[in-house]
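Residues per chain, in single letters:
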Amino acid sequence: MTALPTGPDVTPGEAVEAARGWIAAHLPTAWREAGEQGGPRAVRTVRTREEYRAWYPELGASGLVAATWEVDYGGLGWSRKAAVAADEALRPYHLPRLNPLGLNLAAPALFAHGTEEQRRRFLKPITRAEEIWCQLFSEPGSGSDLASLSTRAELDGDTWVVHGQKVWTTWADQADYAVLLARTDPDAPKHQGITYFLLAMRQPGVEVRPLPHIGGEAEFFEVFFDGARVPDAHRLGDPGNGWRVAQATLAGERQMVSGGGSVGVDRIGGVSASHLVRLARRRTESGLPGGWDDPLVRARIVELWCEEQVRTWTNRRVRARQAGNLPPGPESSIGKVHGTDLNQRIQETAATLSGEDAIAWPGTASSPAEYWASMPAETRGMLRSRANTIEGGTTEVNKNVIAERVLGLPKDFDPYRGKPWRDLPRS
């Protein structure tokens, strides 16, 4: 194993040199040569997802996955500038962070509210994708009004026993652990009776059921609890303080879903604005109208490209907080509102530029998974992007966050504020 330099005194230049040296020593030759010759697109032609997942723990062990984290937590202790410089040097080799929900949802809460023992236990396996994470927040009757959740956790000795149901849980079928919000005091007001837990998914009392989405793929799941158990040592923060702890996770989720420069996931569903240029030029080369030779089409694509750059810059400000192991602030809601709407507009434009190919394509499919795989990327991205303005907190909820926490406007009137949760009307 080639050791990388550690500590905050590593300069950006030293970080770049170290990252390149690590790549030369550890990246499979075919991947490295493809990246040097053709960048990420070329790497995808010589490497399968399965091969990358099998090799990924080597990247995780290097510290480069979360270079600003301390060494004891699986990082290198670098400054933000050094980490960003190294990321740029790694970009041609297409080394996406696996375990994005662990990195973006669990880790911010652990840094903000976890004990030292909890950080040492969970953070390093997160960077190496040795323990995959999901988020257990939303419920059938508690979506936008998340604080009304009704999943219960009751203390039994030094263990909490969980009963209830969660919904729209991304990648629950793959997860080893989950961040969980559960009600522990029904007599307290709804925001004050919630506790935050780190729950092991692979145990009796946890049932996971798929929820296929519009494209036929099942990346969302329902999760049912019937006596699942969580050690009190895996409670994050004080009992009843879970809503405050959850803000670190929710801000991280908004940042992740906003895309464009976020840590772990660059875009949730679809192609980039740069891909629109290729699609438009392809139409012109084929002699079709509405291609790159159309000034209105060019103007539309350039406008979207410029917005994508603005989104990236906004998200970099949030990353600056994460570099100091601070949770994203309310600015993550700005990126979420703008980024998800922008992504939908980009995907709609991509489908339009694809013409008839976006609505009819050759091939057969004997299962929903095969049908989804055969679908053109532009159509798949357009369909998947429909969820962007809902997942990670709806646009309406995030606009409220911006209004209250950024602009300082008064909160909405709530006639049930301060009343016990058990006395509130629920769907």
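Counting restarts for each chain: residues are numbered from 1 in the order of the written sequence. Where totals are concerned, whole chains, interfaces and linings use all residues; where local detail is concerned, this predicted model gives features only for residues with pLDDT of at least 70, and gives and counts side-chain atom pairs only at 80 or more. For side-chain calculations, the full set of non-hydrogen atoms in the structure is used, while hydrogens and water are omitted.

J.: Can you walk me through the nonpolar core in this structure?
T.: Nonpolar side chains in soluble globular proteins generally cluster together in the buried interior. Ranked by size, the top nonpolar core spans 54 residues in total, and within it Leu 59, Trp 69, Trp 78, Leu 95 and Tyr 196 carry the most contacts. Sorting the residues of this core by element identifies helix H1 (12-26), helix H3 (49-62), helix H4 (80-90), helix H5 (100-113), helix H6 (116-127), strand S4 (177-183), strand S5 (194-200) and helix H7 (242-258) as the ones contributing at least two each. Where helices and strands are cited, they refer to DSSP runs of H or I of at least four residues and of E of at least two residues respectively, numbered from the N terminus. Element by element, the count of residues in this core is highest for H5, at six residues. For this analysis, residues touch if any pair of their heavy atoms sits within 4.5 Å. Apart from residues lying up to four places away in sequence, Leu 59 is in contact with Trp 22, Tyr 52, Leu 64, Val 65 and Leu 95. In this description, a nonpolar core means a group of buried Ala, Val, Leu, Ile, Met, Phe, Trp, Tyr and Cys residues linked to one another through side-chain atoms lying within 4.5 Å. Classification of residues uses two cut-offs on accessible area relative to the type maximum, computed with a 1.4 Å probe and protein chains only: under 20% is buried, over 50% is exposed, and between them is partly exposed.

J.: What is the right way to look at the pairing of strand S3 (residues 159-170) in this model?
T.: Across a regular strand the side chains alternate sides, sitting on one face of the sheet and then on the other. Strand pairing is defined by DSSP finding a minimum of two bridges between the two strands. In terms of strand pairing, strand S2 (residues 152-156) meets S3 through five bridges, oriented antiparallel. Note that in S3 the partner of Ala 153 across the bridge is Val 162. Where S2 folds back onto S3 in an antiparallel hairpin, the turn is made up of two residues, including Gly 157, whose phi is positive at roughly 70°. Here S3 runs beside strand S7 (residues 220-231); their pairing, made up of 10 bridges, is antiparallel. If you follow Gln 165 over to S7, its bridge partner there is Phe 224.

J.: Please clarify how helix H2 (residues 29-46) should be interpreted in this entry.
T.: Residues three or four positions apart in an α-helix share a direction because the helix packs 3.6 residues into each turn. In a regular helix each residue adds 1.5 Å, so 18 residues correspond to 26 Å; H2 covers only 10 Å between its end C-alpha atoms and thus falls short of that length. A bend of about 140° at Gly 38 is the largest found in H2, and the proline Pro 40 appears one to four places after it. Listing the buried residues of H2 in full gives Trp 31, Arg 32, Ala 34, Gly 35, Gly 39 and Val 43. Next to the buried residues of H2 lie H1 and H3. To estimate how far a helix should reach, multiply one less than its number of residues by 1.5 Å. Note that bend, as reported per residue, equals the angle between axes fitted to the 7 residues terminating at that residue and the 7 residues originating from it.

J.: What am I meant to see in the side chain of Arg 345 here?
T.: Residue placement: Arg 345 occurs in helix H10 (residues 331-354). Looking at Arg 345, the relative accessible area reads 19%, which means it is buried. Here a polar contact is recorded for every N or O atom pair within 3.5 Å, except that within protein the pair must consist of a potential hydrogen donor and a potential acceptor, and residues adjacent in sequence are included only if both atoms are side-chain atoms. Engagement of the side chain of Arg 345 in a polar contact is seen with the side chain of Asp 341, the distance being 2.9 Å. Discounting residues that sit within four places of it in the chain, Arg 345 has contacts with Arg 300, Leu 304 and Glu 307.

J.: I keep staring at the pattern of salt bridges and nothing clicks. Help me out?
T.: Once their charged atoms are close, side chains differing in charge can pair, the charge on each being opposite to the other. For this analysis, a salt bridge means a side-chain nitrogen from Lys or Arg found within 4 Å of a carboxyl oxygen belonging to Asp or Glu. If you walk through the whole model with that rule in mind, you get 22 salt bridges. For the salt bridge of Asp 156 with Arg 229, the shortest nitrogen-to-oxygen distance reads 3.1 Å. Pair noted here: Asp 156 is in strand S2 and Arg 229 is in strand S7, with a separation of 73 residues, a long-range link. Take Asp 156: its relative accessible area is 44%, and that puts it in the partly exposed class.

J.: Sorry if this is basic, but what is going on with the packing of aromatic side chains here?
T.: Two aromatic rings, taken as a pair, are described by how far apart their centres are and by the angle between their planes. For this analysis, a ring pair means two rings from Phe, Tyr or Trp (six-membered ring only for Trp) whose centres lie within 6.5 Å, classed as stacked if their planes differ by under 30 degrees, edge-to-face if by over 60, and tilted for the remaining angles. All chains considered together, the criterion is met by 13 aromatic pairs. Ring centres of Trp 31 and Tyr 52 lie 6.4 Å apart, and the angle between their planes is 55°; on these two criteria the pair is classed as tilted. One end of the pair, Trp 31, is in helix H2; the other, Tyr 52, is in helix H3, and 21 residues separate them in sequence. Tyr 52 shares its class with Trp 31; the two are buried. Between Phe 137 and Tyr 196, the aromatic rings sit 6.2 Å apart at their centres with planes inclined by 85°, giving edge-to-face as the arrangement. Of this pair, Phe 137 sits in the loop between strand S1 (133-136) and S2 while Tyr 196 sits in strand S5, placing them 59 residues apart in sequence. Take Tyr 196: its relative accessible area is 0%, and that puts it in the buried class. Criterion for a charge above a ring: Arg CZ or Lys NZ at most 6 Å from the ring centre, at most 35 degrees from the ring normal. Directly above the ring of Trp 31 sits Arg 47, whose terminal nitrogen or CZ lies 5.2 Å from the centroid. Lying across the ring of Phe 224, Arg 209 places its NZ or CZ 4.1 Å from the centre.

J.: How do you make sense of a positive patch on the surface when you look at a structure like this?
T.: Think of a patch as exposed residues, more than 30% relative accessible area, with no salt bridge, where like charges cluster within 9 Å and nonpolar side chains (Val, Leu, Ile, Met, Phe, Trp, Tyr) cluster within 5 Å. The accessible surface values rely on the Shrake-Rupley method and a 1.4 Å probe; as for residues, cover is taken only from the protein chains in view. In this count, Lys and Arg are taken as positive residues and Asp and Glu as negative ones, while His and the chain termini are left out. The atom standing in for a charge is NZ when the residue is Lys, CZ when it is Arg, CG when it is Asp and CD when it is Glu. On the surface, a cluster of positive charge is contributed by Arg 41, Arg 44, Arg 278 and Arg 282. Elements that contribute at least two residues to the positive patch include exactly H2 and helix H8 (273-285). Structurally, Arg 44 is set in helix H2.

J.: So what exactly am I meant to see when it comes to the confidence of the model for the protein chain here?
T.: Should the pLDDT be low somewhere, the predicted coordinates at that spot are not to be read in detail. A residue-level look at the protein chain finds 91% of positions with pLDDT of 70 or above and a mean pLDDT of 89. For residues 260-267, every residue scores under 50 in pLDDT, and the model assigns this stretch 28 contacts once sequence neighbours within four places are set aside. On a scale of 0 to 100, pLDDT captures the predictor's confidence in every residue.

J.: In this structure, what is going on with the pairing of S4? I would like to understand it.
T.: The buried fraction of S4 is high, at seven of seven residues. Across seven bridges, the pairing between S4 and S5 is antiparallel. Its bridge partner being in S5, Arg 183 is matched across the sheet by Ile 194.

J.: Teacher, can you tell me more about a nonpolar patch on the surface here?
T.: Nonpolar side chains collect at one region of the surface, where Ile 334, Val 406, Leu 407 and Leu 409 lie side by side and expose about 350 Å² of accessible area between them. Along the chain, Leu 409 falls in the segment after helix H13 (395-406). Overall, Leu 409 belongs to the partly exposed group, its relative accessible area being 46%.

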